[in-house]
Amino acid sequence: MKKRLDVLICGGGACLSSHSQDVKNKFIEVLKAKGLTDEINLVETGCMGPCEMGPVMVVYPDGSFYVQLTENDVEPIVEEHFLKGRPYQKKLWAAPEARKIVEEKRQVPFFEKQQKVVLALCGKIDPESVDEYIANRGYEALGKVVTEMTPEAVIEEMLKSGQRGRGGAGFPTGLKWKFGKASEGKQKYIVCNADEGDPGAFMDRAVLEGDPHSVIEGMAIAAYSIGADKGFVYCRAEYPLAIKRLEAALKQARAMGLLGKNIFESGFSFDIEVRMGAGAFVCGEETALMASIEGKRGQPRPKPPFPAQKGLWGHPTVINNVETLAAIRHIILNGADWYASIGTEKSKGTKVFALSGKVVNTGLVEVPMGITLRELLYDIGGGIPNGKKFKAVQTGGPSGGCIPAAHMDTPLDYESLTKLGAIMGSGGVIVLDEDTCMVNVAKFFLEFSVEESCGQCAPCRIGLKQMHDLLEKICEGKGKMEDLDLLESLAHTIKATSLCGLGQTAPNPVLSTMKYFRDEYEAHIKEQRCPAGVCKDLISYVVDESKCIGCTACARTCPVSAISGAPKQKHRIDPSICTRCGSCIVKCPVKAIYIGPGAVKREVESKKLHLEKTL
Amino acid sequence: MKLEDLKKIREKAEKDIVLRDGKSRIKVTVGMGTSGIAAGARETLKAFLEEIEKRGLHDVLVTQAGEKGLSSHEPVVTVSEEGKGQVVYGNVTRDVAVKIVAEHLVNGSPVSANIIEVNK
Amino acid sequence: MECQELHIPDNPQYRELKRIIEEYRNVPGPLIQVLNRAQRIFGYLPREVQLYVSRELNVPLSEVYGVVTFYNFFKTEPVGKHIVNVCLGTACHVKGAQRVVDALANELKVEIGQTSQDGFYTLSTARCFGACGLAPAMMIDDEVYGRLTPGKAVEVIKEFQKNETNQN
């Protein structure tokens, strides 16, 4: 029977964890019970983007977009929408500020400013069906390349498109391929870097989970261009679902002859193997990644020689990241000019950003390069939740920096971000609000880099640890103003002398927070005060006795029994027991608990008082 | 696999996902309000889906809507064609549905006996 | 130093490992892949397993040990039946992941990396598993749980343990 409805349920990581699988199973059950299985097509797709609203679902042909579904919504949706043609209003996406009912996906503000190229099929096809990929012109670009184009022509096209690597450094893809092609060698490799290690970036995961064939096709085109017959995907062990879907896609592609010997009878042969990482951030660095594929400790080595000259097992190797590779088929199909027409002068095409942190619509968005931060955060992201004030965004993970409110109208492209001391990185955008302490954030990233340093070179291994200890001192209220100068000088030395990208960029979060939020550092040092109320040693939780109603809610929730007071009596928190976990603040029904100065400050003040008295 | 084989797979596969593109020549809307369903609209809808599949009409979209208020004529079906306006049919039983597919959708001549309204 | 004789027990676990090693025999650079699979069989990588892999793959034990200790994923101590892995990525960090870890550590009476008394859970932390949209998040084995609060996280692990105990 002809299908009259396509029901696409998101099976991306976020939706899965909000139990989209249960919703899907319930649909299967209800559709069966009502005899609708033949006329309604139920498909599980990859990530659709608005992860905060999961589980999400789209119904075609009308495009109704459902959010936050539970099993209980299934009956009414089938009854009202699938049978009677009236979308079930209660769970249709409505923008939180307007609460107006929208019926079509394109009217959802979250999608309006987006331009989906790499993510076009994520959430629109069944990632485990090669047929649905082919229906969307899948493998057509590969067919065109191997039967009609010379490797030189493909590289020329890539150079013309202006595409730059989406993994972080922004090196032109075409140029990388040109070097790979120029290198002498009978054996060459193409490697897909799917070791998405930057905290806050999850676009590669979404592409692998939602549209794995696009990565395979991109790798095959790259391999043809440089003359490789073997490829590796190096994927993080933390992404089991991505690995599963990729393996399934590889099997299908092999079965159809899209991988293997003599592809499209062109004489070109190529196959791909998946290598699982084992949890080391430094393996995102290309020379470390190659060491890890070879089965060794993932330690970087100096460049040159570049991988394109001497890579895996000494053979020329080209390494591209997932998002870069997924865009390639679109460049071949639509032409370099089309790609180059999107974006800015030096940053072409679209970029996927992962929005997270203190923003209303968390999730994945794809926009033309050059869109402003304001558009990204407010028009697409929906602004800051709970009426809080925006403080900064952090881009580029542990290698990146922070952008404060004053630069909200900066266009998002490689050069503008670098100029601000932040970087594009892999596209993780973490939104920070007034409750975030910038010194704490800097310390957080340093802690990350210290733990992930491979330990090979001294500046990174020792220098970062020193920087971290200085930050710790400041967060404890024991810092001195000279420490700031010391931090800065250490940062510059480490940047200049580290062996690999990890060390060379690790001081960035400190430098950029010191540049834009020096006042917060000074408050910690001069006043022993954490303006955001985060640093545990500089705050205490205090019960405002004029507000406390003695309900005991706080005392009952306190995990360490630091709160005393009988029912109907004023409660009191013992700062020497309190761990500053914040549970009580949330529980208090009358908002009687506030954040006061910490022990360090009180100590300093009492000493001062004592000194004044003795004088 | 040859390039032509890929094309063939694509042509076949495209038809299975046509709903997601919103591209179609003709849209058939079956009124599925309470009285429509009571009058047998479910059967009508099924008949359309089966017949369209049988004839391989991949550019026809079948969808459902609430009722138009023409209870006495249920099941009510609207056929809309790009640039040609709408034809509203009443009392569309299974047999009438089959007839509409054969005469209207395939040959372009509406089934006059069941027409209750024409909107240009 | 005395030469250590390796007594490999003939049990299904080692037979499975042997089979996997054969599978990778002709693959270049198989060490990490084999260790990954071995850890899935044994739950962790005790000295005997490392020694066995070293001999079978003809890679020096020092190199095997070097790899095992380099990567966070490999464990040299036995772990609990299930691993609770709390994400400490940036998005989770700014949304209070530390409090979630503290609450879980308090509930299970363990430090990070340790296993609960009953051997059911090992508490661990991760550097972002890309569920930032659901921050703060944690995983129990391969399953992600998002939008946590300290209280909700404790509820989740209690519920999970209860469900599994009931099933058996």
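Residues numbered from 1 in each chain as written. Chains lettered and ligands numbered in written order. Predicted model: local features only at pLDDT ≥ 70, side-chain atom pairs only at ≥ 80, totals over all residues. Heavy atoms only, no water.

Trainee: I would appreciate a short explanation of the domain arrangement of chain A in the present structure.
Mentor: Many structure descriptions define interface size as the accessible area lost when the parts assemble. Residue and element names in this part refer to chain A. Domain annotation of chain A identifies domain 1 (5–107), domain 2 (130–338), domain 3 (350–433), domain 4 (438–526) and domain 5 (539–614). Domain 3 and domain 4 are separated by 22 Å when their C-alpha centres are compared. Of the residues lining the interface, 15 residues belong to domain 3; the matching set on domain 4 comes to 15 residues. Roughly 1100 Å² of surface becomes buried between domain 3 and domain 4 when both sides are summed, with 65% attributable to carbon and sulfur atoms. Taken together, the links from domain 3 to domain 4 amount to one salt bridge. (Domains from an automatic or database assignment. Contact = heavy atoms within 4.5 Å. Buried area = accessible area lost by both parts, 1.4 Å probe. Salt bridge = Lys/Arg side-chain N within 4 Å of Asp/Glu carboxyl O.)

Trainee: How should I be thinking about empty space enclosed by the protein in this particular structure?
Mentor: Over the atoms rolls a probe the size of a water molecule, and in doing so it shows where empty space is left. All names here are of chain A. Applying the stated criterion across every chain, the model contains four cavities of 30 Å³ or more. Taken together, 13 residues form the lining of the largest cavity, with Cys548, Cys551, Cys554, Cys588 and Ala592 sitting closest to its centre. Here the lining of the largest cavity is composed, by residue class, of ten nonpolar, three polar and no charged. (1 Å grid on protein atoms, 1.4 Å probe; cavity = no way out; pocket = protein on both sides within 12 Å on 5 of 7 lines; lining within 4 Å. Points joined across faces, edges and corners; volume = space filled by probe spheres on them. Nonpolar A, V, L, I, M, F, W, Y, C, P; charged D, E, K, R; others polar.)

Trainee: Which parts of the structure should I look at to understand helix H18 (residues 458–475) of chain A?
Mentor: Residues that lie three or four places apart on an α-helix share one face, since the helix turns once every 3.6 residues. Residue and element names in this part refer to chain A. In this model, H18 (18 residues) spans 25 Å end to end at C-alpha, consistent with the 26 Å of a helix rising 1.5 Å per residue. Restricting attention to buried positions, one finds in H18 the residues Cys460, Gly463, Leu464, Met467, His468, Leu470, Leu471, Ile474 and Cys475. Along the axis of H18, the buried residues cluster in a sector spanning 160°; they form a single face. Residues of H18 that are buried in the fold lie against helix H17 (438–452), helix H19 (481–497), helix H20 (501–505), helix H21 (508–516) and helix H22 (518–526). (Helix = DSSP H or I, 4+ residues; strand = E, 2+ residues; numbered from the N terminus. Expected span 1.5 Å × (residues − 1). Buried < 20%, exposed > 50% of the residue type's maximum accessible area, 1.4 Å probe, protein only. Arc of directions from axis to C-beta.)

Trainee: What's the story with the sheet that holds strand S2 (residues 121–126) of chain C in this structure? I'm lost.
Mentor: Sheets are built from strands that pair by backbone hydrogen bonding, the pairs being arranged parallel or antiparallel. Residue and element names in this part refer to chain C. The four strands lie next to each other as S2-S1-S3-S4, forming an open sheet whose pairing is mixed. The open sheet is flanked by S2 and strand S4 (143–145), the only strands paired with a single partner. In this sheet, neighbouring strand axes are inclined to one another by 25° on average, regardless of whether the strands run parallel or antiparallel. Here strand S1 (residues 82–87) runs beside S2; their pairing, made up of six bridges, is parallel. Considered in S2, the bridge of Ile83 is made with Thr122. Packing of helix H7 (residues 150–167) onto the sheet brings it into contact with S1, S2, strand S3 (138–140) and S4, and relative to S3 it is tilted by some 10°. (Pairing = 2+ DSSP bridges. Axes fitted to C-alpha atoms, helices over the stretch in contact; angles between N-to-C directions.)

Trainee: What exactly am I supposed to notice about the environment of Ser576(A) here?
Mentor: Structurally, Ser576(A) can be placed in the loop between strand S17 (572–573) and helix H24 (583–587). Side-chain polar atoms of Ser576(A) contact the side chain of Asp574(A), separated by 2.6 Å. (Polar contact = N/O pair within 3.5 Å; in protein donor to acceptor, adjacent residues only side chain to side chain.)

Trainee: What's the story with the sheet that holds strand S11 (residues 363–368) of chain A in this structure? I'm lost.
Mentor: Residue and element names in this part refer to chain A. The five strands lie next to each other as S11-S10-S14-S12-S13, forming an open sheet whose pairing is mixed. Because the sheet does not close on itself, it has two edges, and the strands there are S11 and strand S13 (401–404). Here the average twist between neighbouring strands, direction ignored, is 30°. Sitting on the sheet, helix H15 (residues 373–380) is in contact with strand S10 (350–357), S11, strand S12 (390–395), S13 and strand S14 (428–433), with an inclination near 115° to S12.

Trainee: Could you clarify how one ought to interpret the interface of chain B and chain A in this entry?
Mentor: Each side of the interface is counted separately: chain B has 31 residues, and chain A has 37 residues. Where chain B packs against chain A, one counts two salt bridges. Close ionic contact of Arg10(B) with Glu140(A) constitutes a salt bridge, the shortest N to O distance being 2.4 Å. Joining chain B to chain A, the criterion identifies two residue pairs in polar contact (both at pLDDT 80 or more). Contributing elements (two or more residues each) for the side of chain B that touches chain A: helix H1 (3–16), helix H2 (34–38), helix H3 (41–55) and strand S2 (60–65) of chain B. Its residues assigned to classes, the side of chain B that touches chain A comprises 17 nonpolar, four polar and ten charged.

Trainee: Honestly, the interface of chain C and chain A in this entry has me stumped. Any pointers?
Mentor: Each partner contributes residues to the interface: chain C has 38 residues there, and chain A has 58 residues. Taken over both partners, the interface formed by chain C and chain A buries close to 3800 Å², and the fraction arising from carbon and sulfur atoms is 55%. The largest share of the area that chain C buries against chain A comes from Phe70(C), Thr90(C) and Arg127(C), three residues that together contribute 19% of it. The interface formed by chain C and chain A contains two salt bridges. With a shortest N-O distance of 3.6 Å, Lys536(A) and Asp102(C) are connected by a salt bridge. In this structure, the connection of chain C to chain A is made through 18 residue pairs in polar contact (both at pLDDT 80 or more).

Trainee: I keep staring at the side chain of Asn41(A) and nothing clicks. Help me out?
Mentor: Checked against the element boundaries, Asn41(A) lands in strand S2 (residues 40–45). When its relative accessible area of 16% is taken as the criterion, Asn41(A) is described as buried. For Asn41(A), the side chain forms a polar contact with the side chain of Asp6(A), separated by 3.1 Å. In contact with Asn41(A), not counting residues within four places along its chain, are Lys3(A), Leu5(A), Asp6(A), Val7(A), Asp16(B) and Arg20(B).

Trainee: Where do I start with the confidence of the model for chain C in this structure?
Mentor: Reading fine detail from the predicted coordinates is not recommended where pLDDT is low. All names here are of chain C. Averaged over every residue, the pLDDT of chain C is 89; residues scoring 70 or more account for 96%. The secondary-structure element of chain C with the lowest mean pLDDT is S4, recorded at 85, while helix H4 (residues 61–70) shows the highest, at 95. Interface predicted TM-score (ipTM) for the complex: 0.89; the corresponding pTM is 0.88. (pLDDT = per-residue confidence, 0-100.)

Trainee: Even after reading the chapter, I still don't get the pattern of salt bridges, so can you show me in this structure?
Mentor: Side chains that carry opposite charge are capable of pairing whenever their charged atoms lie near each other. All told, the structure shown has 56 salt bridges over all chains when counted by the stated rule. One salt bridge connects Lys34(A) with Glu75(A), and the closest N-O pair in it is separated by 3.9 Å. Of the two residues, Lys34(A) sits in the loop between helix H2 (20–33) and S2 while Glu75(A) sits in helix H3 (residues 74–83), which places them 41 residues apart along the sequence. Relative accessible area serves as the criterion here: at 29%, Lys34(A) is assigned to the partly exposed category. Where Lys54(B) meets Glu51(B), a salt bridge forms, and the shortest distance between an N and an O atom there is 3.4 Å. Of this pair, Lys54(B) and Glu51(B) both sit in helix H3, three residues apart, which is roughly one turn of the helix. Here the salt bridges share partners, and the residues they tie into one network are Lys24(A), Glu44(A), Glu128(A), Lys244(A) and Arg245(A).

Trainee: So what exactly am I meant to see when it comes to unusual backbone geometry here?
Mentor: Most peptide bonds are trans, and most residues other than glycine sit at a negative phi. Omega for the peptide link from Pro304(A) to Pro305(A) comes to 0°, which places this bond in the cis form. By secondary structure assignment, the location of Pro305(A) is in the loop between helix H12 (286–293) and strand S9 (317–321). Looking along the chain, the bond that leaves Ala135(C) and enters Pro136(C) is cis, with omega of -10°. Its identity as a non-glycine residue notwithstanding, Tyr139(A) has a phi of 65°, on the positive side. Within the secondary structure layout, Tyr139(A) lies in the loop between helix H5 (130–135) and helix H6 (140–148).

Trainee: What's the story with the arrangement of the chains in this structure? I'm lost.
Mentor: The chain pair with the greatest number of contacts, out of two pairs of chains in contact, is formed by chains A and C. Chain C makes no contact with chain B, the minimum C-alpha separation between the two being 26 Å.

Trainee: Which parts of the structure should I look at to understand the environment of Val7(A)?
Mentor: Residues and elements named next belong to chain A. Take Val7: it is sitting in strand S1 (residues 5–10). Residue classification places Val7 among the buried positions, given a relative accessible area of 0%. Measuring from C-alpha to C-alpha, the distance between Val7 and Cys235 comes to 30 Å, with 228 residues separating the pair along the chain. The contact partners of Val7, leaving out residues within four places of it in the chain, are Ile40, Asn41, Leu42, Val43, Met57, Val58, Val59 and Phe82.

Trainee: It is not clear to me how the confidence of the model for chain A should be interpreted in this structure. Could you clarify?
Mentor: All names here are of chain A. Across chain A, the average pLDDT comes to 91, with 97% of residues at or above 70. Confidence, read as mean pLDDT per element, is least for helix H4 (residues 109–112) in chain A (73) and greatest for helix H10 (residues 212–226) (98). Scored below 50 in pLDDT, residues 95–107 makes 27 contacts in the model with residues more than four places away or belonging to other chains.

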